[in-house]
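Understanding the architecture of this molecule
Below, each chain spelled out in residue letters.
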Amino acid sequence: AVPKKVVPALPPVGTGKLRITHPERVIDPGTGFTKLDLIEHYARVAPLILPHLKARPVSLVRAPDGIAGEQFFQKHAEATSIPGIKLLDPKFDPGHDPLLEIASAETLLAATQLNVMEFHTWNATTKAIDKPDRMIFDLDPGEGVAWCQVQEAAQLVQAFLKELGLPCFLKTSGGKGLHVVVPLKPLHGWDTVKGFSQAIVQHLARVIPERFVAKSGPRNRVGKIFPDYLRNGFGATTVCAWSVRARPGMGVSMPMAWEELGKLKNAAHWDVRNIGERLSTGNSPWSAYENLRATLSSAMQAMDFKP
Ligand code: ATP
Ligand code: MN
Ligand code: MN
């Protein structure tokens, strides 16, 4: 029998026609992944990633010479000329060129054709740019931390948030760590959310100092995990679910169910090669997300946190 083609053909997306230049160019020398693999990934996940990009300012990581070359992190319109990209109201980020939004599959693919590999989003939407609608704990393992300790740390964060009455959702970063996301009603300002997330991390580092550290910087976290609360500041971004990483192996940031945590072999468990079986699972591990949006008031009270 003829073996099945491993990479499925590019599915039709909308009506736009995308002209792909240099589809055969290898962008990840370690795996041999090509520019076409990248674009096909985004074509396949377009319906799954678009809800995560919707109405959110996005930052782009461009890698014109592949993952081994120089990378460019772009937040504003300046040098960007991606067909169809939405320029947001300049009032959202005064004193800068407009922020960007990707609102369609056509624009998503046009961006990847222009060598955008990663998509990072804000914690607030354009409906209420001053009021974050999520709080993120970006679990960053220091040198010498075993994967099982990262898994355990995620569980500890989940357990503590639960004690505070806060729901949370899990995704891999596609790199080294895990992201724990608390869905919020957009009620509190940036400083409150960031300050409270810092208080939570300081508490964790106080009660489990052998595992957690509340200070950023690689030297502080040797053998420990820094739950990076700095992702919660105004204008800070975190890699979007379903985004590829411009790192060796091209991991993918994957929304997971908490029950799946134990089975993960690392944060780049899912990558552009094995993601196929996840396409039908889609965003279902996060299906309760919208209904569980929380307010922080009683959690802040429980921790005696004054905004
Ligand atoms: P890992 O699991 O390996 O930590 P990560 O995506 O969580 O992967 P971090 O280094 O923890 O990576 O986070 C970096 C964050 O900084 C990203 O969320 C990104 O949105 C943000 N960021 C801000 N400026 C830049 C920049 N110039 N280049 C890359 N990332 C940037
Ligand atoms: Mn991280
Ligand atoms: Mn980090």
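A brief structural summary.

What counts as what
Residues numbered from 1 in each chain as written. Chains lettered and ligands numbered in written order. Predicted model: local features only at pLDDT ≥ 70, side-chain atom pairs only at ≥ 80, totals over all residues. Helix = DSSP H or I, 4+ residues; strand = E, 2+ residues; numbered from the N terminus. Rg over C-alpha atoms; globule rule 2.2 N^0.38 Å. Contact = placed C-beta atoms within 7 Å. Near = placed C-beta within 6 Å. Nonpolar A, V, L, I, M, F, W, Y, C, P; charged D, E, K, R; others polar. Expected span 1.5 Å × (residues − 1). Bend = angle between axes of the 7 residues up to and from the residue. Buried ≥ 20, exposed ≤ 12 C-beta atoms within 10 Å, placed from the backbone. Pairing = 2+ DSSP bridges. Arc of directions from axis to C-beta. Core = buried A, V, L, I, M, F, W, Y, C linked by C-beta atoms within 7 Å.

The helix and strand tally for the protein stands at five helices and 13 strands. In terms of overall size, the protein behaves like a compact globule, its C-alpha atoms giving a radius of gyration of 19 Å where 307 residues would be expected to give roughly 19 Å. Principal-axis analysis of the C-alpha atoms gives the protein an extent of 60 × 50 × 35 Å. Counting only contacts in the protein whose residues sit at least 6 apart along the sequence, the fraction spanning at least 24 positions is 69%.

Turning next to the site of ligand 1. Within the structure, ligand 1 sits among 15 residues, and Phe-73, Ser-173, Gly-175, Lys-176 and Gly-177 are positioned closest to it. The set of elements that each furnish at least two residues to the shell around ligand 1 consists of strand E8 (134-141) and strand E12 (238-239). For the shell around ligand 1, a count of residues per class yields three nonpolar, seven polar and five charged.

Once that is clear, we can look at helix H1 (residues 35-53). Taking 1.5 Å per residue as the helical rise, H1 with its 19 residues ought to reach 27 Å, whereas the 22 Å between its terminal C-alpha atoms falls clearly short. At Ala-46, H1 shows its largest bend, some 75°, and a proline, Pro-47, comes one to four positions later. By the burial criterion, the buried members of H1 are Lys-35, Leu-38, Ile-39, Glu-40, His-41, Tyr-42, Ala-43, Arg-44, Val-45, Ile-49, His-52 and Leu-53. Taken together, the buried residues of H1 touch strand E1 (26-28), strand E2 (33-34), strand E3 (58-62), helix H2 (105-113) and strand E7 (116-121). In the segment just after H1, Ala-55 is the residue with positive phi, at about 65°.

Right, let's get into the sheet that holds strand E11 (residues 225-228). The sheet built from five strands is open, its strands ordered E11-E8-E10-E9-E13 with antiparallel pairing. For this open sheet the edge positions go to E11 and strand E13 (255-256), each flanked by a neighbour on one side alone. Bridge count for strand E9 (residues 169-172) against strand E10 (residues 178-183) is four bridges, and the pairing is antiparallel. Along E10, the bridge assignment pairs Lys-171 with His-179.

Taking 1.5 Å per residue, 17 residues should reach 24 Å; helix H3 (residues 147-163) reaches 25 Å between its end C-alpha atoms and fits that length. If you check which residues of H3 are buried, you get Val-150, Ala-153, Ala-154 and Val-157. Along H3, the residues classed as buried sweep out an arc of 100° about the axis, all on the same side. Within H3, the exposed residues directed more than 90 degrees away from the buried face are Cys-148, Ala-159, Lys-162 and Glu-163. Contacts made by the buried residues of H3 are with E8, E9, E10 and E11. Just past H3, the residue Gly-165 takes up positive phi, approximately 80°.

Within E3, four of the five residues are buried, leaving the element largely enclosed by the surrounding structure. Relative to E7, E3 runs antiparallel, the two sharing five bridges. Residue pairing in the sheet places Leu-60 in a bridge with Phe-119 of E7. Alignment of E3 against strand E4 (residues 72-74), held across three bridges, turns out to be antiparallel. Paired with Arg-62 across the bridge in E4 is Phe-72.

Time to look at the environment of Lys-86. Inspection of the secondary structure assignment puts Lys-86 in strand E5 (residues 86-87). Residue classification places Lys-86 among the partly exposed residues on the basis of 18 C-beta atoms within 10 Å. Sequence-wise, Lys-86 and Ala-103 are 17 residues apart; in three dimensions their C-alpha atoms are separated by 7.2 Å. When sequence neighbours within four positions are dropped, the list of residues in contact with Lys-86 reads Leu-100, Glu-101 and Ala-103.

Let's shift gears to the nonpolar core. Ranked by internal contacts, the top residues of the largest apolar core, which has 71 residues, are Leu-139, Ala-154 and Val-180. Here this core gets seven residues from one element, more than from any other, and that element is H1. Other than its neighbours up to four places away in sequence, Leu-139 contacts Val-150, Ala-153, Ala-154, Gly-177, Leu-178, Val-180, Ile-225 and Pro-227.

Moving on, we get to unusual backbone geometry. In this structure, Ala-55 takes a positive phi of about 65° despite not being glycine. On the secondary structure map, Ala-55 appears in the loop between H1 and E3. Residue Ala-55 is classed as partly exposed on the basis of its 18 C-beta neighbours within 10 Å. Located in the positive-phi region is Trp-242, a residue other than glycine, with phi close to 80°. Along the chain, Trp-242 turns up in the loop between E12 and E13.

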